[in-house]
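Letter by letter, the chains look like this.
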Amino acid sequence: MQQNNTRDWSRDVPSSLNVSQEQVVSFIGHSLKSLYDDVLAADMPEHLKALVLKLEETYPP
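Quick caveat: nothing in here was measured; it's all calculated off a predicted structure.

Description of the overall build of the protein chain
Looking only at helices and strands, the protein chain has two helices and zero strands in total. Taken over 61 residues, the protein chain has a buried fraction of 0%. Summed over all atoms, the accessible surface of the protein chain reaches about 6500 Å², with 60% contributed by carbon and sulfur.

Quick word on a nonpolar patch on the surface
A cluster of nonpolar side chains, contributed by Val19, Val24, Phe27, Ile28, Leu32, Leu35 and Val39, occupies part of the molecular surface with about 700 Å² of accessible area. With respect to the helices and strands, the residue Val19 is situated in the segment before α1 (21-41).

About the criteria used
- Residues numbered from 1 in each chain as written.
- Predicted model: local features only at pLDDT ≥ 70, side-chain atom pairs only at ≥ 80, totals over all residues.
- Heavy atoms only, no water.
- Helix = DSSP H or I, 4+ residues; strand = E, 2+ residues; numbered from the N terminus.
- Buried < 20%, exposed > 50% of the residue type's maximum accessible area, 1.4 Å probe, protein only.
- Areas by Shrake-Rupley, 256 points an atom, 1.4 Å probe, with all protein chains shown as cover.
- Patch = residues over 30% accessible without salt bridge, like charges linked within 9 Å, V, L, I, M, F, W, Y side chains within 5 Å.
- Salt bridge = Lys/Arg side-chain N within 4 Å of Asp/Glu carboxyl O.

Next up, the structure:
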């Protein structure tokens with residue numbers, strides 16, 4: 001026999017974290033910016049550099 005468990009357990013779990021939505025958005029924004037900066041700072045692989053040069057020769061900017 002299957003029981004119908006409709007109890008909301010999230011109300012019973014005490015939360016020790018009190019963060020606002022603005023703090024969460026700020027944290028995520030800073031994390032994404034850091035990741036994006038790392039990607040931009042990374043060297044482009046040689047095979048992609050060659051492809052970009054070939055495309056620029058065919059279709060000048």
